[in-house]
Each structure stands twice: as C-alpha cells, then as structure tokens.
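What follows is each chain in one-letter form.
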Amino acid sequence: MKKVLLLLLIAVATFTLVGCNSSEYKVDGEFLAYEVSIHRNAPMVTTVTVTIEKGKIVDFNIDARQGSATENDGSWTFAWNEKTKKELGDDYGMVANGGAVSEWYVQAELIEAYMLENGVDSVETDDETFITNITGVTMKDGGYTKVAAAALELAKEGKFQAVHCNQDDLVIATMLVDSKGNASELLLDVLQGQPVDGTFEWRSKTKQELGNDYNMKGASAIGKEWFEQAQAIAEYVLANGADSIETDGGFISNIAGASVRDSGYSAVFEKLFDFANYSV
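About the criteria used
Residues numbered from 1 in each chain as written. Predicted model: local features only at pLDDT ≥ 70, side-chain atom pairs only at ≥ 80, totals over all residues. Heavy atoms only, no water. Phe/Tyr/Trp six-rings, centres within 6.5 Å; stacked < 30°, edge-to-face > 60°. Buried < 20%, exposed > 50% of the residue type's maximum accessible area, 1.4 Å probe, protein only. Core = buried A, V, L, I, M, F, W, Y, C linked by side-chain atoms within 4.5 Å. Contact = heavy atoms within 4.5 Å. Axes fitted to C-alpha atoms, helices over the stretch in contact; angles between N-to-C directions. Helix = DSSP H or I, 4+ residues; strand = E, 2+ residues; numbered from the N terminus. Parallel < 35°, antiparallel > 145°, perpendicular 65-115°, else oblique. Left-handed = near helix turned anticlockwise from the far one by under 90°. Nonpolar A, V, L, I, M, F, W, Y, C, P; charged D, E, K, R; others polar.

Participant: Where do I start with the packing of aromatic side chains in this structure?
Facilitator: Two aromatic rings, taken as a pair, are described by how far apart their centres are and by the angle between their planes. Taken as a whole and assessed by the stated rule, the structure comprises eight aromatic pairs. Taking 5.2 Å as the distance between ring centres and 85° as the angle between the ring planes, the aromatic pair formed by Phe200 and Trp202 counts as edge-to-face. Since its relative accessible area comes to 1%, Phe200 is described here as buried. Between Phe273 and Tyr278, the ring centres sit 5.3 Å apart and the planes meet at 75°, which makes this aromatic pair edge-to-face. Ring pairing ties together the aromatic residues Trp76, Phe78, Trp80, Phe200 and Trp202, which thus form one cluster.

What follows is the structure, encoded as structure tokens:
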C-alpha cells in the first residue's frame, strides 16, 4: 500500500512539473514585432508588443509612428513624427478630421483587449480589411493582427526586439534570452530610408543584409565595414551593458573596432534590455 501511494505521489509530482513547464512561452518580458510601410510619402512603422508573465500572455500593445515629408525649394526632407499615434491621443484627430466613432488609441485598446481574450486569429475583417467583429472598432486592420502574430512567435523563441526611429531610418536590435535569463546573439541593424526624386522609399535590404555592399570600408577611419563595426558594438554592449557606449562629438569613442556615430544605437539597446528586463 505504501509503495502504491509513493508511486502515486511521484506520478502527481511529475504531472505537476510537466504542467508547469508546458507553456509555449519560456521567457517573460515584452516581445515587439514591427512592420514598416509608407504613409503619405513618409516613413511609417507599426508595432505590436506582447507581454509574457509566468508563461502567460497578459497584454498586447498596438502602436504606430508616422513621419512627415517637407519640400523646400525643390529639396525634400523626411523625418519621423515626435509622437506615436497613441502618444498623440485625441490630437491624432481621427474623430475631428475623419468622422470616426472614436479616436485611434481608443479603438486600438479595444483590439488589444479582444485579442487578449479571444486570440490574435479571432479578429475578422471584410474584403477591404475593415475589422467587423469588435464592438466599437470601425477602422481597418492596419497590419495589427499580422504583427501581433509575429510578436507571439518571437516570444516562443525568447527573441527580444526593439526599434528606434532616427532621422528617416529605423534602428533595430535583437537578442535571444533563455529560460535561465542568459542573453546571447545581440544584433544591431538599420533599415534606411532611400528617397528618390522627392518620393520616399525604403531600401530593399538592411545594413546587415547589404554586408560589404554597403561600401563603408573605404570611407571608414578604421577600414571596417558597417556590419563589422556593428558586431563590435553589440559584443561590447552585451558584455558591458546598454548604457556602456561613450561618444566624442557623436562618434563612438570607447569600443575598439568601432568609429561610427551613435545614431540611435544606445537608445535602441536601452529599449531592448528594458523589454527583456536584462542587465549586466
């Protein structure tokens, strides 16, 4: 009888242990995915962040940052808006200027709550991508469900991602974190805007993807390509912390193998480490 009871206790303990580790999400934190686009001849990035706590999805956060295009004597400049759609709040003007039933941030919060309760794939749209099954939401699915699904996949991998808007570029950083809190594979990248004759376009490849074709080596003070310098920066930051970069006149001054400007790199690393709740 005692032997049977012991085996039963072991079985229950084993089942409990397996149950505790059954979640798809092994790492807690905020996992961000993004999608770039063009809005009114200016850059735009849509982001969705999913928060994981104790292996469970506890929050979605949808946002977007748009840019502006300015013409002066035939010369165009492109820049990111200072605030995101959510940060603009009522000032985004979707009610006043577009006759919407409620502001963008209000509808975004309704979509977030619906996805949290029912799942990302529960959102329905018509042929023009207008959301049809969430009370109080009349706007289009501007890539929100697609980006949310991508954020969930990153959460399953334990892959954190952050973006930072700089001039008309998007600075990107990614990092893997395992279930024990160990970080690895920190990567810095940049997707540049490439306007053509006053028309904004995104480059088809990031700086990392361009590799040697980015052609910085010849103009570099240390004779290194951008991706080589980005690797040196990432290795240093992973070992020394998100706030470890020092500059002189805007140029990175304390990392051997790097002489480029800190063009939003420190900012994106700080966001990334904050998402992962990671520190050195």
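Participant: Which parts of the structure should I look at to understand the nonpolar core?
Facilitator: The nonpolar side chains of a soluble globular protein tend to be buried, and buried together. In terms of nonpolar packing, the biggest core is built from 70 residues, with Ile111, Leu188, Trp226, Ile233, Tyr265 and Phe269 touching the most fellow members. Apart from the residues lying within four places of it in its own chain, the contact partners of Trp226 are Leu188, Asp189, Val190, Lys207, Gln208, Tyr214, Met216, Val260 and Tyr265.

Participant: Looking at this structure, how should I read the packing of helix 7 (residues 226-240) against helix 8 (residues 265-276)?
Facilitator: Working note: a packed helix pair is described by the angle between its axes plus the distance between those axes. Running from N to C, helix 7 and helix 8 point in directions that differ by 45°, and their axes come no closer than 12 Å. When the axis of helix 7 is compared with that of helix 8, the two are oblique. Taken as a pair, helix 7 and helix 8 cross one another with a handedness that is right-handed. The segment helix 7 lies against helix 8, with Trp226, Ile233, Ala234 and Val237 engaging Tyr265, Phe269 and Phe273. When grouped by side-chain class, the residues that make up the contact of helix 7 with helix 8 number seven nonpolar, no polar and no charged.

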